[in-house]
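These are the residues of each chain, in order.
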Amino acid sequence: MIPFVLFSIRRAWQGFWRNGLMSIAATATMTFMLLLLGGFWIVQAGLSAGLQYVEQKVQVVAYMKEDATQAQADEAVAAVRQMPEVQDVVYVSKDEALARFRSNLAERGQPDLTGSLDTNPLPASIEVYLVDPTDFGAIVTQLESSAGVDRVDDVQQLVDRVTTVTTVIRTVGIVALVLVGLTVLFIIVNTIRLAVTSRAEEIEIMRLVGASDAFIRWPFIFEGALVGVLGALVTLVILGAAAAPLSSLMLGFFRVLPLEFGTLVRDVAVLVLVTGLGLGVVGSYVSVRSYLIR
Amino acid sequence: MTLLAGPGSDRQAPAATFGAARPVIFLRDVTKTYPGGKVALRDVDLTIREGEYVFIVGPSGAGKSTLLKLLIRDEVATEGQVFIDGTDLARLGRREIPRVRRRIGTIFQDFKLLPTRTVWENVAFALEVTGASRRTIAPLVDRVLALVGLTAQAGQLPTQLSGGEQQRTAIARALVHDPRLIIADEPTGNLDPLISWEIIQLLLRINELGVTVLMATHDAEVVTALRRRVVALEEGRVVRDELGAAYHRED
């Protein structure tokens, strides 16, 4: 068993180099396809993170009554903070609201007229950030029933609009990823089929001199695996070299990095390696099979 | 069945065809119809005994190639039975086919050598597929290359060889696993007459070593000069089976 595996691996290695041009062509195709797939996966992850970022902008805002006490505000904040739908709660006091308003005006270069006011007209507010933007009902109810709360913004419309847009973009992204995946599958399997076909005579001669099916098949499978792993490694090296400019590009485009960059790197590495190896092996198996069955 | 009568029969037939040498090839009522309805062989009966040298002759399309394909189990008979060395090829499981092929050496008009491998590697290839170790392979390959006179060319690629040398490589490959039977399909078809004779001489020597040789050919000069057993096919039927015969019917 082990001698047979070693023998097959040696034959695969010889086969790879003896058909150098075809092997290089197959590896190059494998690399391009895996780059396409890996690149698309990264774009998709960036898009997804961007959408998540947009969705996190959806907030439920409760405005406090003019005469609400700090104790009432603290209680209301504490009540929502412990709810599972809530990601973060920020209490904005009257002073902070005014300060924000002023800095907003300053940013836009408009004159600050608030100095002429005797009192601060802006209410204190509680801003609640959501885990899931569609999951706001219980929070609104909770806030509305809290003492000292004047009114809660109706976020239904905003949520509807945001989630419609993000759902469409997500769906388009996934469909595109699936299409790219299918294209990659087809092209890689076809390339390997071509490489095997170019050696149909070798397979025929093996059959004629009495080679068993396993003897013919396994070197080709190992060779396919070699092409797959080699293509995957080249792809990862290229992606690795492109990682720094790519992440700064993404930071500029999506405003945020995909939340866990480390996880993305790991996912892409696994995706590229598994796809390369898997398609190399499956492609070889299927291609050789058609010559063995008579 | 065997037409021993005829002008050629006064010549000495190979000794092994007499007596009760066991049949290496035995076909009974074999008919081969290809998908699409073309009938390549009809009711063929044929017995070839150990040690014989048999020519299969006949025009193109007469069924020579189909007959050879049946013998190496590249095709399966539609009707009738094909036995090699007592094994019924129709009853062979997929896994057993290679083992039967290893008992047969095959030689082709187009040599069928691997262009990316040296002469030595091409010959060793036939042993590697049996799972033999490199240590047992090397002396056998060296010996058979010496037999066909290619020791000096062992390291060359087929493309660097002449046609005759390529065919000798193929013969070495066919011989290296010590087969009881050599099947040659037009082995001299691509070679000039002088080289053809070299190849025939080599096959005769191999036959003298006790290996049965079955050779399909168009080479009338060779067949007539050697006066061996001739089986003629026409439109899928055996129309002549004579010992010590010529290429053409002589009556």
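Throughout, residues of each chain are indexed from 1 in the direction in which the sequence is written. Starting at A for chains and at 1 for ligands, labels are handed out in the order in which the entities are written. Note on the predicted model: pLDDT of at least 70 is required for a residue's local features to be given, and 80 or more for side-chain atom pairs to be given and counted; whole-chain, interface and lining totals, by contrast, use all residues. The basis for the side-chain values is all heavy atoms of the structure; hydrogens and waters are excluded.

Engineer: How should I be thinking about the domain arrangement of chain B in this particular structure?
Structural biologist: Where the parts come together, the accessible area they lose is often given as the size of the interface. Residue and element names in this part refer to chain B. An automatic or database domain assignment supplies the residue ranges for each domain. Each domain of chain B was delimited in the assignment, giving domain 1 (1-94 + 180-246) and domain 2 (104-178). In this structure, domain 1 and domain 2 have C-alpha centres spaced 24 Å apart. Taken together, the contact between domain 1 and domain 2 spans 21 residues of the former and 18 residues of the latter. Here the quantity called buried area is the total loss of accessible area, with a 1.4 Å probe, experienced by two parts when brought into contact, counted for both. In this assembly, domain 1 packs against domain 2 so that about 1,600 Å² is buried in total across both faces, 67% of it on carbon and sulfur atoms. Of all residues in domain 1, Ile182, Asn190 and Leu202 bury the most surface against domain 2, accounting for 24% of the area lost on that side. For Glu198, the salt bridge goes to Arg168, with nearest N and O atoms at 3.3 Å. Residues are treated as being in contact if the distance between any of their heavy atoms lies within 4.5 Å. By definition, a salt bridge exists where a carboxyl oxygen of Asp or Glu is found within 4 Å of a side-chain nitrogen of Lys or Arg.

Engineer: What is the right way to look at the side chain of Ser284 of chain A in this model?
Structural biologist: All names here are of chain A. In this fold, Ser284 is placed in helix H9 (residues 261-292). The exposure class of Ser284 is buried, given its relative accessible area of 1%. What qualifies as a polar contact is a pair of N or O atoms within 3.5 Å, subject to a donor-acceptor requirement within protein and to the restriction that residues adjacent in sequence count only when both atoms come from side chains. Engagement of the side chain of Ser284 in a polar contact is seen with the backbone oxygen of Gly280, the distance being 2.8 Å. When near neighbours in sequence (up to four residues on either side) are disregarded, Ser284 contacts Ile192, Phe220, Ile221, Gly224 and Leu279. Secondary structure elements are defined from DSSP: runs of H or I of at least 4 residues count as helices, runs of E of at least 2 residues count as strands, and each element is numbered from the N terminus. Partly exposed residues are those whose accessible area sits between 20% and 50% of the maximum for their type, while under 20% is buried and over 50% is exposed, using a 1.4 Å probe and protein chains only.

Engineer: Sorry, what's going on with the environment of Leu177 of chain A here?
Structural biologist: Residue and element names in this part refer to chain A. Note that Leu177 resides in helix H6 (residues 156-197). Expressed as a C-alpha distance, the spacing of Leu177 and Leu143, which sit 34 residues apart in the sequence, is 41 Å. Apart from residues lying up to four places away in sequence, Leu177 is in contact with Phe40, Trp41 and Gln44.

Engineer: Before we go on, may I ask you to explain the pairing of strand S9 (residues 229-234) of chain B in this structure?
Structural biologist: Here is the key point about a regular strand: its side chains alternate between the two faces of the sheet. Residues and elements named next belong to chain B. When you tally the buried positions in S9, you get five out of six residues, the bulk of the element. Strands were regarded as paired on the criterion that DSSP finds at least two bridges between them. Relative to S9, strand S3 (residues 53-57) is paired through four bridges, and the arrangement is parallel. For Ile56, the partnering residue across the bridge sits in S9 and is Val231. Relative to strand S10 (residues 237-242), S9 is paired through five bridges, and the arrangement is antiparallel. Counterpart to Val231 in the pairing with S10 is Asp241. Taking the residues that link successive antiparallel strands as the turn, the S9-S10 hairpin has two residues, and the phi of Glu235 there is positive, at about 50 degrees.

Engineer: I would appreciate a short explanation of the interface of chain B and chain A in the present structure.
Structural biologist: Taken together, the contacts link 20 residues of chain B with 21 residues of chain A. Across the chain B to chain A interface the summed buried area is about 2,000 Å²; carbon plus sulfur atoms make up 51%. Among the residues chain B hides against chain A, the three largest losses belong to Arg94, Arg101 and Lys112 of chain B. Together they make up 26% of the total. On the surface where chain B and chain A come into contact, there are five salt bridges. Measuring nitrogen to oxygen at the nearest pair gives 2.7 Å for the salt bridge that ties Glu121 of chain B to Arg18 of chain A. The tally of links from chain B across to chain A stands at seven residue pairs in polar contact (both at pLDDT 80 or more). Mapped onto the side of chain B that touches chain A, the elements with two or more residues apiece are helix H2 (97-101), strand S6 (104-108) and helix H3 (119-128) of chain B. Each residue receives one of three labels: charged for Asp, Glu, Lys and Arg, nonpolar for Ala, Val, Leu, Ile, Met, Phe, Trp, Tyr, Cys and Pro, and polar for the others, Gly being one of them. Classifying every residue of the side of chain B that touches chain A gives eight nonpolar, two polar and ten charged.

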